[in-house]
Amino acid sequence: MVNVLVCIKRVPDVSGEVLLTEDEMSVDARHVGFTVSPHEECAVELATQLAQSSGGTATVLTLGPSESIEQLRSALAVGCSDGVLIHAEADRYGPVDVARAIADVVRARADAGIDYGLILLGNDAADTGDFQVPIRLAYALDRPVVTGISTLELDGAGVSARADGPDGAEIFDLPLPAVVAVMEGGVSPRYPSIPGRMKAKKAPVETVSPAREPRGSGRARLKLPPRRPSTVEVLGTGPDAAPAVVDLLLELGVVPS
Amino acid sequence: MILVLVETDATGAIEVSRETLTFARELGQRAGAPVQAVCIGALPDGARTGLLTQLGAQGISLVYRPDDERLNDYAAAAWAAALLDVAETTAASALLAAGTPRGNEVLAHAAARLDVAMAANVVRVDAPAPFVVTRQVVGGAAWEEMQLPDRVAVLSVAGHACDAQAAPAPVEAEIVACTPKITDHDLVARVARVEGSVAGDAGALTSARVVVGAGRGAGGPDGFADLLELTQLLGGALGVSRVVTSLGWRPHAEQVGQTGSRIAPDLYVACGISGAIQHWAGCQSAKTILAVNTDADAPMVTKAHYAVIGDLHEVVPAINAELRRRLGR
Ligand SMILES: Cc1cc2nc3c(=O)[nH]c(=O)nc-3n(C[C@H](O)[C@H](O)[C@H](O)COP(=O)(O)OP(=O)(O)OC[C@H]3O[C@@H](n4cnc5c(N)ncnc54)[C@H](O)[C@@H]3O)c2cc1C
Ligand SMILES: Nc1ncnc2c1ncn2[C@@H]1O[C@H](COP(=O)(O)O)[C@@H](O)[C@H]1O
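Residues numbered from 1 in each chain as written. Chains lettered and ligands numbered in written order. Predicted model: local features only at pLDDT ≥ 70, side-chain atom pairs only at ≥ 80, totals over all residues. Heavy atoms only, no water.

Draft legend 1. Expanded view of a negative patch on the surface. All names here are of chain A. A surface patch of negative charge is lined by Glu22, Asp23, Glu89 and Asp91. Here Glu22 is to be found in the loop between strand S2 (11-12) and strand S3 (34-35). Residue classification places Glu22 among the exposed residues on the basis of a relative accessible area of 85%. (Patch = residues over 30% accessible without salt bridge, like charges linked within 9 Å, V, L, I, M, F, W, Y side chains within 5 Å. Areas by Shrake-Rupley, 256 points an atom, 1.4 Å probe, with all protein chains shown as cover. Salt bridge = Lys/Arg side-chain N within 4 Å of Asp/Glu carboxyl O. Lys, Arg positive; Asp, Glu negative; His and termini not counted. Charge placed at Lys NZ, Arg CZ, Asp CG, Glu CD. Helix = DSSP H or I, 4+ residues; strand = E, 2+ residues; numbered from the N terminus. Buried < 20%, exposed > 50% of the residue type's maximum accessible area, 1.4 Å probe, protein only.)

Draft legend 2. Just the site of ligand 2, in detail. Residue and element names in this part refer to chain A. As a matter of local geometry, ligand 2 sits amid 18 residues, with Cys7, Glu40, Gly122, Ala125 and Gln132 nearest to it. Within the contact set of ligand 2, an oxygen atom lies 3.0 Å away from a backbone nitrogen or oxygen of Phe131. Calculation on ligand 2 without its partners gives an accessible area of 480 Å², and the protein chains cover 99% of this total. Elements with a contribution of two residues or more to the shell around ligand 2: strand S4 (58-64), strand S6 (118-122) and helix H4 (133-141). Its residues assigned to classes, the shell around ligand 2 comprises nine nonpolar, five polar and four charged. (Near = heavy atom within 4 Å. Polar contact = N/O pair within 3.5 Å; in protein donor to acceptor, adjacent residues only side chain to side chain. Nonpolar A, V, L, I, M, F, W, Y, C, P; charged D, E, K, R; others polar.)

Draft legend 3. Main features of the packing of aromatic side chains. All names here are of chain B. If you walk through the whole model with that rule in mind, you get two aromatic pairs over all chains. On the basis of an interplanar angle of 90° and a centroid distance of 4.9 Å, the ring pair of Tyr74 and Trp79 is categorised as edge-to-face. Under the relative-accessibility criterion, Trp79 is labelled buried at 7%. Consider the rings of Phe224 and Trp249, whose centres lie 6.4 Å apart with planes at 70°: the pair is edge-to-face. Of this pair, Phe224 sits in the loop between strand S13 (210-214) and helix H6 (225-233) while Trp249 sits in the loop between helix H7 (242-246) and strand S15 (267-271), and the two are 25 residues apart along the sequence. Among the residues examined, Phe224 registers a relative accessible area of 2% and is labelled buried. The positively charged end of Arg102 is found above the aromatic ring belonging to Tyr74, 4.0 Å away from the centroid. Here the guanidinium or amino end of Arg250 rests over the ring plane of Phe224, the centre of that ring lying 5.6 Å away. (Phe/Tyr/Trp six-rings, centres within 6.5 Å; stacked < 30°, edge-to-face > 60°. Lys NZ or Arg CZ within 6 Å of the ring centre and 35° of its normal.)

Draft legend 4. Structural detail: the pairing of strand S8 (residues 131-137) of chain B. Residue and element names in this part refer to chain B. When you tally the buried positions in S8, you get seven out of seven residues, the bulk of the element. What you see with S8 is no split at all: Phe131, Val133, Arg135 and Val137 on one side and Val132, Thr134 and Gln136 on the other are buried throughout. In terms of strand pairing, strand S7 (residues 118-128) meets S8 through five bridges, oriented antiparallel. The residue of S8 that forms the bridge with Val125 is Val133. Between S7 and S8, which pair antiparallel in sequence order, lie two residues. Sheet analysis places S8 next to strand S9 (residues 142-148), joined by seven bridges and oriented antiparallel. Its bridge partner being in S9, Gln136 is matched across the sheet by Trp143. Where S8 folds back on S9, the antiparallel hairpin that results is connected by four residues, among which Val138 adopts a positive phi of roughly 45°. (Pairing = 2+ DSSP bridges.)

Okay, here's the thing in structure tokens:
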């Protein structure tokens, strides 16, 4: 039996232009919704699969504002059994702070008799993209860690993890307890069913406060990358544009002879 | 001292590592610090020769090679331990690597061991002492100015933040072997074996000179024949949007974007792709972008260099026919 803890982060669901808040410290999310990274959706899917197959539980955790309950409920609707909300202003938390706060929860739960043999996270958060929380967490808990993992199988007392490396699929065999950062691509996250949504409403969510003050993320301000004005040259409309396109391809020298 | 962790393939340093060397040199000039390289893991003869030539051309005279067979297979913690040994002997004030999966992973281990901050995907150093950097966040759609106040600055350099450039005065580069302190603990998470990729070959996508992109506009799993023919005529690779992979039309290995591959081909032909910021994150380094889209106002069209407004199922076959005609096939 393996209990799995999976960590997700509420982030603005921007697909068009990014807008900044007046103080330039955050992305202005007033006109967009919120989501979690696809990496984390895959981590949630793996967590529920592994918990199910081993007869353990899958707990979903986030550090964020009270609205993050929305993202916890989405994970509860696709198979997680309970949630933890570390109530905090995520923008004030750097990756070290987030990792420490998660580690504190893991230790507190262990003291209460709940051991997480496997902690899954996304490979990188969709907003800050620090590429660090899983590794910082592993050091805080003194556990082995692998990142960039697309699939994961329990294998006796350990876990076998697969990542896409420069020379093919790399296989890591880890003893448990371990920390694994998941990348999109190995599993398809399921959609919530109606009974799943009903269950999610009633699933227990524990709210905790972080035990210590954050060191901070080092953010001085956000800015928008320089944007060049559109210089698009329209080569034509419909199939009639084909000769102009081929002229361009030849001019660019990308047509193999 | 500024140390750069260099990743290699069969021929020498990979392109983004060469970019990072140039980035480090420019930083070194401003900070008055020399730049040296570190290369960990297996290094076949061809790669060794290539690496030394490339380093010499970049004006970098020393590359440290932690000498321990146990480092041949990738193990991030052990590689970080080896990197930190070199950092200690050289009294390094900054550790750099390219913002690749391995670059970010090894640096994150190093930063955790040093208990210092790390900045991922830096595009610019604003001030070298104390360190202030500008880095990509939200997949590069926004930038963050970040302070790195610690005694050692750890930063990965975003791919294609600068071009790899030769130094005005080339030097002769040599290898310095060193003996790293690695424990069994550092080797727990290591590559146990490598299997041929089953899901497809993302490597072909990231190294292709031409990428033909396809999005929701392809219409369904059967909508790719013409796009694949164009890919083949141009000797390129197919890249797709996340809509295409999450609907199961094509494998994830072909996905371009924030949670897929980052490409930098000479030409990207983006067909039926709207150009969401997360897709743009993966294709913005293409030298030339040609968009094919029914919507003249789609962001992919307005950001592209060239565009054809129309249905890809009519435009792409016409391009293929014209190409075949001119090539006499
Ligand atoms: C955290 C996060 C990470 C993400 N990562 C990625 C990623 O890595 N890669 C990625 O691609 N997306 C990613 N996304 C999703 C992204 O936001 C968009 O949803 C996605 O890129 C849209 O794909 P699309 O352009 O194919 O589809 P749409 O946005 O639906 O656009 C379809 C386009 O095709 C055009 N079109 C339709 N029919 C035709 C036709 N017959 N001929 C020509 N044109 C036609 C339309 O005008 C439109 O412009 C991510 C999202 C989030 C939140
Ligand atoms: N505030 C947070 N709450 C819960 N998990 C987080 C938080 N921030 C980051 N993580 C996890 O750590 C992963 C990597 O984040 P990062 O190191 O910030 O790029 C994310 O994909 C999440 O799984």
